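Understanding the architecture of this molecule
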There are 2 protein chains.
Amino acid sequence: MKITDAELEIMKVLWEEDNLTLNQIIEKLSSKEQKNKSTIKTLLYRLIDKGAVKSIEKNKKENEFKANISRKKYLKEENNVFLEKLYNGNIDNMLLNFVEDKKISKEKIQKLLDIL
Amino acid sequence: MKITDAELEIMKVLWEEDNLTLNQIIEKLSSKEQKNKSTIKTLLYRLIDKGAVKSIEKNKKENEFKANISRKKYLKEENNVFLEKLYNGNIDNMLLNFVEDKKISKEKIQKLLDIL
DNA sequence: AAGTACAAGTTACAACTGTAACTTTTTGGA
DNA sequence: TCCAAAAAGTTACAGTTGTAACTTGTACTT
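Please read these numbers as outputs of a predicted model, since none were measured by experiment.

This paragraph deals with the protein's contact with DNA strand D. The full set close to DNA strand D counts 23 residues, and A:T4, A:A6, A:S38, A:T42 and B:N63 are the nearest of them. Secondary-structure elements contributing two or more residues to the surface near DNA strand D are α1 (5-16) and α3 (37-50) of chain A together with α2 (22-28) and α3 (37-50) of chain B. When residues in the surface near DNA strand D are grouped by element, the largest group, five residues, is from α3(A). The residue makeup of the surface near DNA strand D, split by class, is four nonpolar, nine polar and 10 charged.

Rendered as C-alpha cells:
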C-alpha cells in the first residue's frame, strides 16, 4: 500500500474528518495543496483503487469519501520504512541524529519521559 | 537534491568508503541490491548530474567515484522532510508515536539521555 | 420536455524511476 | 600493430506520479 505524496494530502484530510464530499475535501486542503478539481478526483480514484479510501453514495447527487485505512497503521508503516531506509532500523542512531540536529533537546526528551 | 531509493543505496556505499570504482561499488552493494552493472552505471551518472557524486579519473582505465554531499547533511534534510510530511514538524508527536509502536522503550530513551 | 450546470468517471501526458541493452572508447596482450 | 575484453558513456522503455482535460450521466429550472 504505497501512498504517494500528493495522495497523502488527501488522506490527511480524510483522517481529520470522515465522509466528506469532493468539494468538502477541496475546501479543507490547505492553500498550498490547492489543485484543479480534476486532479483531486484522480487522486481520490487512485486511492480507491488501492483500497485506501472508500466512496459512498450520499444523496444520488454527490458521493462521500472516507479513509479506509487508519492513520495509525499508516504512520506505523511509514515510521518503519523511514527507520530502515535511513538508519538501518537502528533507532538509537536516529534519535542521536535528531538530537544532533537540535531538533530535540535533552529537556524535551526528559519531558517526554515524564509523560510516559 | 532529490535522491531516489535506488540511488540512495549507492550513496550509502560511497558514504562508507570514498573513491571506489564501479566494480568496487557493485561488490559492496549487499546482495539485495545487486543489479545489472548497467543499472548501477545509470544510477551513478544520474547522481553525478544531480551533483551528489563526483567521478575522478583514476588510472586512465577506470574511474573512481566519491560522494559529493555529506551523509550528515543528507540525513538532516531527510529527517526534516519526514517530520514535516508525517508529523507536521511536531517532534513530540513523532516520538510519542515511536514509543507507542514500541519501537523505543522508556529505558532506551533514558539510556540516550545518559549518553548526552 | 429540454437544456444547462455540475458531479461522476475516464483518458492523457510529461516528468521521474528502476531497470538494462546498446554503442563507443580505451588498452593490455598476441 | 591490431584485436578483443572491459570500461565509459548513451539510449530505451515500461511503470509510477502529478497534473488536468475530456466525456458521460444526472437532476434542477424553466
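Let us look at the relation of the copies chain A and chain B. With an RMSD of 0.1 Å, chain A superimposes on chain B once it is rotated by 180° and translated 0.0 Å along the axis. As the rotation angle and translation indicate, the two copies are arranged about a two-fold axis. Both copies present the same face, since 100% of the interface residues in chain A are matched by interface residues at the equivalent positions in chain B.

A few words on the domain arrangement of chain A. Partitioning chain A into domains gives domain 1 (5-67) and domain 2 (71-115). The centre of domain 1 of chain A, based on its C-alpha atoms, is set 30 Å off from the matching centre of domain 2 of chain A.

The next thing to look at is the interface of chain A and chain B. The accessible area lost on association of the parts is a frequent measure of interface size. Listed as interface residues are 22 residues of chain A and, on the opposing side, 22 residues of chain B. Mapped onto the side of chain A that touches chain B, the elements with two or more residues apiece are α4 (71-87), α5 (91-100) and α6 (106-115) of chain A. Class assignment for the residues of the side of chain A that touches chain B results in 12 nonpolar, three polar and seven charged.

We now examine the pairing of strand β3 (residues 63-67) of chain A. Residue and element names in this part refer to chain A. As defined by bridge partners, strand β1 (residues 20-21) adjoins β3 across two bridges and the pair is classed as antiparallel. Bridge pairing links L20 to F65 in β3. When strand β2 (residues 53-57) meets β3, the two strands line up antiparallel, connected through five bridges. Considered in β3, the bridge of I56 is made with E64. Between the antiparallel neighbours β2 and β3 lie five residues, among them K60 with a positive phi of about 65°.

Take the sheet that holds strand β2 (residues 53-57) of chain B next. Residue and element names in this part refer to chain B. Strand order in this open sheet of three strands is β1-β3-β2, and the pairing throughout is antiparallel. Sheet topology places β1 (20-21) and β2 at the edges, where each strand pairs with a single neighbour. Where helix α1 (residues 5-16) meets the sheet, it contacts β1, β2 and β3 (63-67), and its direction lies at approximately 90° from that of β3.

Attention now moves to α3(B). All names here are of chain B. Taking 1.5 Å per residue, 14 residues should reach 20 Å; α3 reaches 20 Å between its end C-alpha atoms and fits that length. Along α3, the residues that are buried comprise I40, L43, L44 and L47. Buried residues of α3, viewed axially, fall in a sector of 100°; they line one side. Exposed residues pointing more than 90 degrees away from the buried face of α3 are listed as S38, Y45 and D49. Buried residues in α3 make contact with α1, α2, β2 and β3. At the exit of α3 stands G51, carrying a positive phi of roughly 85°.

Next up on the list: the packing of α1(B) against α3(B). All names here are of chain B. Between α1 and α3, the least distance of the axes is 10 Å, while the angle of their chain directions is 85°. Classed by the angle they form, the pair α1 and α3 counts as roughly perpendicular. Contacts from A6, E7 and I10 of α1 reach α3 at I40, L43, L44, R46 and L47. Tallied by class, residues from the contact of α1 with α3 come to six nonpolar, no polar and two charged.

The rules behind the values
- Residues numbered from 1 in each chain as written.
- Chains lettered and ligands numbered in written order.
- Predicted model: local features only at pLDDT ≥ 70, side-chain atom pairs only at ≥ 80, totals over all residues.
- Near = placed C-beta within 6 Å.
- Helix = DSSP H or I, 4+ residues; strand = E, 2+ residues; numbered from the N terminus.
- Nonpolar A, V, L, I, M, F, W, Y, C, P; charged D, E, K, R; others polar.
- Least-squares fit on C-alpha atoms with pLDDT ≥ 70 in both.
- Contact = placed C-beta atoms within 7 Å.
- Domains from an automatic or database assignment.
- Pairing = 2+ DSSP bridges.
- Axes fitted to C-alpha atoms, helices over the stretch in contact; angles between N-to-C directions.
- Expected span 1.5 Å × (residues − 1).
- Buried ≥ 20, exposed ≤ 12 C-beta atoms within 10 Å, placed from the backbone.
- Arc of directions from axis to C-beta.
- Parallel < 35°, antiparallel > 145°, perpendicular 65-115°, else oblique.

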